[in-house]
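Fold and contact review
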Amino acid sequence: IKLNGRTGNVTNNKYWSCEIGEGSGERLIKIEIMPSVDSMVGEFKIAIDCVTNNQLTRFQVMDPVIVLFNAWCPEDQVYVEDEAEREEYVLNDTGKVYVGSISNVMGRPWIFGQFDDTVLLSALYLLDSGDWIADQKKGDVVQVSRAFTALANSSDDDNGVLCGNWSGDYAGGESPTSWTGSVDVIESYWKTRPTQVKFGQCWVFAGVLTSLFRTLGIPSRSVTNFCSGHDHDDSTLSISTLTTTVTLSLSTTIVPGTSTSGSRPSSPDVI
């Protein structure tokens with residue numbers, strides 16, 4: 001992305017912009033870069049070109065810049081108005097995942113650890129792996145969420161994070177009940193990527209996915225669903241459009257329409 005610097009304050013977040021200000025020394029200047037509100041999330045490298053006497057000099061910024069979703073920005077897709085909800089769904093790095101049965105619900109403490117360096121690096125790695133999401137779609141929280149929902153689960157040789165196992169035989173891996181947080185799972189994946197981590201079950205998938213979402217700035221939480229329906233016919237079940245029909249006592253039918261996305265995707269239910 002090529003930017004032309006100008007003096008003044010960055011005020012328009014609809015486009016990438018670059019502002020040049022006064023530095024702290026005689027040979028220093030301050031450059032402020034503002035990504036667009038719908039920018040691709042991910043890692044960017046910055047180079048600064050200076051022209052003096054018709055000669056071009058390029059300065060390469062050594063540290064990368066990582067752009068995330070921003071729940072504090074009203075124009076961002078993931079904006080959350082309530083501060084308490086932002087604290088819980090973006091910043092809280094510990095919590096509980098609920099397991100058991102409808103007659104015996106148990107809360108397991110869980111470390112989400114979204115601020116751990118490896119969690120962020122793994123999320124960026126997954127974001128760029130394979131053909132799950134095109135670069136121009138990496139600013140679309142719906143597309144990113146759909147891709148990560150698939151990548152949290154390693155199946156069909158997609159280089160995902162975690163292998164599921166409900167057999168009771170966990171030879172060659174860890175029992176799903178041994179995990180107490182996402183960081184250990186994701187660190188194991190980072191060390192052996194793209195080899196999957198063995199093993200997980202539903203609440204582990206949900207905890208890992210919540211961590212990957214939060215590290216990218218996507219407000220999310222783990223929700224446990226007990227006594228739910230299951231798809232057992234080996235079909236590929238995907239809901240992209242939802243139409244709701246309500247029939248009233250006066251035989252009047254209301255069709256609210258379709259819903260294809262939301263501004264605050266949550267993590268998938270734990271079944």
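Provided above is the structure to which this section pertains.
First, a word on scope: everything that follows refers to the structure included in this document. (Residues numbered from 1 in each chain as written. Predicted model: local features only at pLDDT ≥ 70, side-chain atom pairs only at ≥ 80, totals over all residues. Heavy atoms only, no water.)

1. Quick notes on the overall build of the protein chain
Applied cut-off: Secondary structure counts use DSSP, requiring at least four H or I residues in a row for a helix and at least two E residues in a row for a strand, with both numbered from the N terminus. Under the scheme applied here, a residue whose accessible area is under 20% of the maximum for its type counts as buried, over 50% as exposed, and between as partly exposed, the area being computed with a 1.4 Å probe on protein chains only. We call two residues in contact when some of their heavy atoms are within 4.5 Å. A 1.4 Å probe and the Shrake-Rupley method give the accessible areas. Residues count as covered only by the protein chains that appear here.
Looking only at helices and strands, one finds five helices and 17 strands in the protein chain. A buried classification covers 32% of the 271 residues belonging to the protein chain. Restricting to contacts in the protein chain with at least 6 residues of sequence separation, those with at least 24 account for 55%. In the structure as shown, the protein chain presents an accessible area of about 16900 Å², 49% of it carried by carbon and sulfur atoms.

2. Brief notes about the nonpolar core
Put simply, the rule is: Remark: nonpolar core denotes a set of buried residues (Ala, Val, Leu, Ile, Met, Phe, Trp, Tyr, Cys) joined through side-chain atoms within 4.5 Å.
Counting 40 residues, the largest nonpolar core has Val144, Phe148, Val185 and Val204 as its most contacted members. Secondary-structure elements contributing two or more residues to this core are strand 8 (94-101), helix 2 (117-128), helix 3 (141-151), helix 4 (182-192) and helix 5 (202-215). Here the element with the most residues in this core is helix 5; it accounts for seven residues. Look past the residues within four positions of Val144 in its chain and what remains in contact with it is Phe69, Leu127, Ile133, Lys137, Lys138, Leu216 and Ile218.

3. Overview of the pairing of strand 11 (residues 197-200)
The side chains of a regular strand alternate between the sheet's two faces. Worth spelling out the cut-off: Note on pairing: two strands pair once DSSP finds at least 2 bridges between them. Seen with its strands pointing away from the viewer, a crossover is right-handed when the path leading from the first strand over the helix to the second is clockwise.
The sheet contact formed by strand 10 (residues 162-164) and strand 11 spans three bridges and is parallel. For Leu162, the partnering residue across the bridge sits in strand 11 and is Val197. Remark: the strand 10/helix 4/strand 11 crossover connection has left-handed handedness.

4. Points about the pairing of strand 6 (residues 55-60)
Buried residues are scarce in strand 6, accounting for zero of its six residues. Bridging between strand 5 (residues 47-52) and strand 6 involves six bridges; their strand directions are antiparallel. Bridging from a neighbouring strand, Cys50 pairs with Thr57 of strand 6. Here strand 5 folds back onto strand 6, and the loop between the two strands holds two residues, one of which, Asn53, carries a positive phi near 55 degrees.

5. Observations regarding the pattern of salt bridges
Test applied: Whenever Lys or Arg places a side-chain nitrogen within 4 Å of a carboxyl oxygen from Asp or Glu, that contact is recorded as a salt bridge.
Taken as a whole, this structure holds four salt bridges when the rule is applied. For Glu83, the salt bridge is made with Arg86, and the minimal N-O distance between the two is 2.3 Å. Linking Glu83 with Arg86, this pair stays in helix 1 (residues 83-91), spanning three residues, or about one helical turn. The closest approach of N and O atoms between Asp135 and Lys138, which form a salt bridge, is 2.8 Å. Classification of Lys138 by relative accessible area gives buried; the value is 5%. Within the structure, one salt-bridge network assembled from shared partners comprises Asp128, Asp135 and Lys138.

6. Some remarks on the packing of helix 2 against helix 5
Stated formally: An axis is simply a line fitted to the C-alpha atoms; with a helix, the fit covers only the stretch in contact. Between two such axes, the angle follows the N-to-C directions and lies from 0 to 180 degrees. By definition in this entry, angles of less than 35 degrees are roughly parallel, angles greater than 145 are roughly antiparallel, angles of 65 to 115 are roughly perpendicular, and the rest are oblique. Residues are sorted three ways: Asp, Glu, Lys and Arg are charged, Ala, Val, Leu, Ile, Met, Phe, Trp, Tyr, Cys and Pro are nonpolar, and all the rest, Gly among them, are polar.
Put simply, helix 2 and helix 5 touch, their axes get as near as 9 Å, and they point 90 degrees apart. Of the possible angle classes, the one that applies to helix 2 and helix 5 is roughly perpendicular. In contact with Val119, Leu120, Ala123 and Leu126 of helix 2, helix 5 contributes Ser211, Leu212 and Thr215. Classifying every residue of the contact of helix 2 with helix 5 by side-chain character gives five nonpolar, two polar and no charged.

7. Thoughts on the side chain of Gln201
How we decide: Residues adjacent in sequence count toward polar contacts only when both atoms are side-chain atoms; beyond that, a polar contact is any pair of N or O atoms within 3.5 Å, and within protein one must be able to donate a hydrogen and the other to accept it.
Along the polypeptide, Gln201 turns up in the loop between strand 11 and helix 5. Residue classification places Gln201 among the buried positions, given a relative accessible area of 13%. Polar contacts involving the side chain of Gln201 include one to the side chain of Tyr170, which spans 3.1 Å. Discounting residues that sit within four places of it in the chain, Gln201 has contacts with Asn165, Trp166, Tyr170 and Pro176.

8. Quick word on the packing of helix 2 against helix 3
Look at helix 2 against helix 3: their axes get within 10 Å of each other, and the N-to-C directions meet at 105 degrees. On the basis of the axis angle, helix 2 is roughly perpendicular to helix 3. Residues Ala123, Leu126 and Leu127 of helix 2 lie in contact with helix 3, whose contacting residues are Val144, Phe148 and Leu151. Tallied by class, the residues present in the contact of helix 2 with helix 3 amount to six nonpolar, no polar and no charged.

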